[in-house]
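So the chains spell out like this:
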Amino acid sequence: KEWFLEGNGRGVQEMSIEMFQQILELMHPSDFNLMGGEPLLYSHLDEFLSICKKLEKKVCMFSNIIAPFLTMVKVVDNYPCVDSWLINTDFTPAQEDVFFKNLFYLSHYSDAHIGLATTLVPDSMKNLEKAERVAKILSYFTPEQSIHIRVAPATPTHNNMFQFYDYTDDMLQFCEHIFAVNKSANMGFDCPINDPSSIKLYMKNCKRFEGLNNEPD
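In this text, all values refer to a predicted model and were calculated from it rather than measured experimentally.

A.B. asks: Before we move on, could you go through the overall build of the protein chain and cite the residues and values that matter?
C.D. replies: A count of helical and extended segments in the protein chain gives seven helices and nine strands. Expressed as a percentage of contacts within the protein chain between residues at least 6 apart in sequence, the contacts between residues at least 24 apart total 73%. For the protein chain, the exposed area adds up to about 12200 Å²; of that, 52% sits on carbon and sulfur atoms.

Structural data, given as structure tokens:
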């Protein structure tokens with residue numbers, strides 16, 4: 001797999017089609033994750049997806065789907081090689097109309113697998129707002145569609161030290177909001193960092209989740 005960068009105003013360079021073709025020749029990957037920046041704004045998107053479609057390469061789109069509606073229509077209608085999406089649900093109020101217009105088209109006219117991603121923060125009210133937003137998003141899908149939701153607890157740092165918070169109540173409240181709207185949704189929780197002692201502490205704090213082992217491997 002290769003990850004593609006879309007220019008985002010922070011000095012990040014777009015990957016050229018020539019470089020992409022070199023990767024194909026040297027590595028022969030079977031699939032790609034396209035991210036950025038915002039991949040739907042990638043200036044070579046049509047060329048990239050046309051090559052993937054021709055070579056039968058699978059593409060997963062990591063996106064906040066904040067892009068022109070006609071771009072979403074073109075991707076959904078012309079490129080079945082995009083067989084999965086992971087959608088960031090943290091959009092601003094000014095972006096809400098664009099987000100839901102694109103979501104409606106994607107959820108109704110694409111056969112791709114769709115996942116949602118959000119991040120919990122050390123603020124219960126904001127986390128409740130995030131839960132309500134994801135619940136609204138889920139209402140755009142039919143009850144038969146199984147949607148995966150990836151929740152990542154934020155790990156703020158101070159003086160290069162991770163700050164730990166007990167997200168148990170926020171997670172339970174988040175789950176209650178989700179399952180009230182879509183009982184077929186499935187939840188995944190990212191551990192905040194890879195330090196084993198911190199993971200153990202995190203899992204201990206979340207022991208109220210059924211089936212969660214307090215002794216990680």
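From this point, the discussion proceeds with the structure in view.
A.B. asks: Tell me about the packing of helix α1 (residues 17-27) against helix α2 (residues 45-55), residues and numbers included.
C.D. replies: Packing of α1 against α2 leaves a shortest axis separation of 10 Å and a crossing angle of 25°. As summarised for this structure, α1 and α2 are arranged roughly parallel, according to the angle between their axes. Considering the relative orientation of α1 and α2, their crossing is right-handed. Between α1 and α2, the contacting residues are Ile-17, Phe-20, Gln-21 and Leu-24 on the first element and Glu-47, Phe-48, Ile-51, Cys-52 and Leu-55 on the second. For the contact of α1 with α2, the class distribution of residues is seven nonpolar, one polar and one charged.

A.B. asks: An account of the side chain of Thr-118 is needed here, citing residue identities and associated values.
C.D. replies: You can see Thr-118 is positioned in strand β5 (residues 113-120). In this structure Thr-118 touches Thr-89, Asp-90, Lys-130, Arg-150, Val-151, Ala-152 and Phe-174, once residues within four positions along its chain are discounted.

A.B. asks: Hey, could you go over the environment of Ile-178 for me, with residue numbers and the actual values?
C.D. replies: The topology assignment puts Ile-178 in helix α6 (residues 168-181). Residue class for Ile-178 comes out buried when judged on its relative accessible area of 0%. Measuring from C-alpha to C-alpha, the distance between Ile-178 and Ala-135 comes to 5.3 Å, with 43 residues separating the pair along the chain. Excluding residues within four positions of it along the chain, Ile-178 makes contact with Ala-131, Val-134, Ala-135, Leu-138, Ile-149, Ala-185 and Met-187.

A.B. asks: Let's hear about the pattern of salt bridges: which residues, and what values?
C.D. replies: With the rule as written, the count across this model stands at four salt bridges. Residue Asp-46 is joined to Lys-74 by a salt bridge in which the shortest nitrogen-to-oxygen separation is 3.1 Å. Taken together, the residues span a long stretch of sequence, with Asp-46 in helix α2 and Lys-74 in helix α3 (residues 69-78) at a distance of 28 residues. Residue classification places Asp-46 among the partly exposed positions, given a relative accessible area of 33%. Across the salt bridge formed by Asp-90 and Arg-133, the nearest N and O atoms sit 4.0 Å from each other. With Asp-90 in the loop between β4 (82-88) and α4 (96-109) and Arg-133 in helix α5 (residues 124-138), this pair connects stretches of sequence that are 43 residues apart. A relative accessible area of 30% places Asp-90 in the partly exposed class. Its relative accessible area of 24% is what places Arg-133 among the partly exposed residues. In the salt-bridge network here, residues are joined through shared partners; they are Asp-90, Lys-130 and Arg-133.

A.B. asks: Before we move on, can you summarise the pairing of strand β2 (residues 31-34) with the specific residues and values?
C.D. replies: One ladder, built from four bridges, connects β2 with strand β3 (residues 58-63); its direction is parallel. If you follow Asn-33 over to β3, its bridge partner there is Cys-60.

A.B. asks: Which residues make up α3, and what are the values?
C.D. replies: Of the positions making up α3, those classed as buried are Met-72, Val-73, Val-75 and Val-76. Taken around the axis of α3, the buried residues stretch over an arc of 165°, which confines them to a single face. For α3, the secondary structure elements touched by its buried residues are α2, β3, β4 and α4.

A.B. asks: Pulling in residues and values, what's your account of the environment of Val-82?
C.D. replies: Along the chain, Val-82 turns up in strand β4. Expressed as a C-alpha distance, the spacing of Val-82 and Lys-58, which sit 24 residues apart in the sequence, is 6.1 Å.

A.B. asks: I'd like a rundown of the side chain of Asn-127, residues and numbers included.
C.D. replies: Mapped onto the elements of the fold, Asn-127 is located in helix α5. In terms of polar contacts, Asn-127 uses its side chain to reach the side chain of Asp-170, at 2.9 Å. Beyond its immediate sequence surroundings of up to four residues, Asn-127 is in contact with Thr-119, Leu-120, Val-121, Tyr-167, Asp-170 and Phe-174.

A.B. asks: How would you explain the pairing of β4 if you had to name every residue and give the values?
C.D. replies: The two faces of the sheet receive side chains in turn, since in a regular strand these alternate between them. With respect to burial, β4 is a largely interior element, five of its seven residues being buried. Summarising the sheet, β3 and β4 pair through five bridges and their orientation is parallel. Among the inter-strand pairings, Ser-63 is bridged to a residue of β4, identified as Ile-87. For β4 and β5, the ladder comprises five bridges, and the chain directions are parallel. In the sheet register, Trp-85 faces β5, and the bridge partner there is Ile-114. The handedness of the β4 to β5 crossover, carried by α4, is right-handed.

Reading the values: rules and limits
- Residues numbered from 1 in each chain as written.
- Predicted model: local features only at pLDDT ≥ 70, side-chain atom pairs only at ≥ 80, totals over all residues.
- Heavy atoms only, no water.
- Helix = DSSP H or I, 4+ residues; strand = E, 2+ residues; numbered from the N terminus.
- Contact = heavy atoms within 4.5 Å.
- Areas by Shrake-Rupley, 256 points an atom, 1.4 Å probe, with all protein chains shown as cover.
- Axes fitted to C-alpha atoms, helices over the stretch in contact; angles between N-to-C directions.
- Parallel < 35°, antiparallel > 145°, perpendicular 65-115°, else oblique.
- Left-handed = near helix turned anticlockwise from the far one by under 90°.
- Nonpolar A, V, L, I, M, F, W, Y, C, P; charged D, E, K, R; others polar.
- Buried < 20%, exposed > 50% of the residue type's maximum accessible area, 1.4 Å probe, protein only.
- Salt bridge = Lys/Arg side-chain N within 4 Å of Asp/Glu carboxyl O.
- Pairing = 2+ DSSP bridges.
- Arc of directions from axis to C-beta.
- Polar contact = N/O pair within 3.5 Å; in protein donor to acceptor, adjacent residues only side chain to side chain.
- Right-handed = clockwise from strand over helix to strand, strands pointing away.

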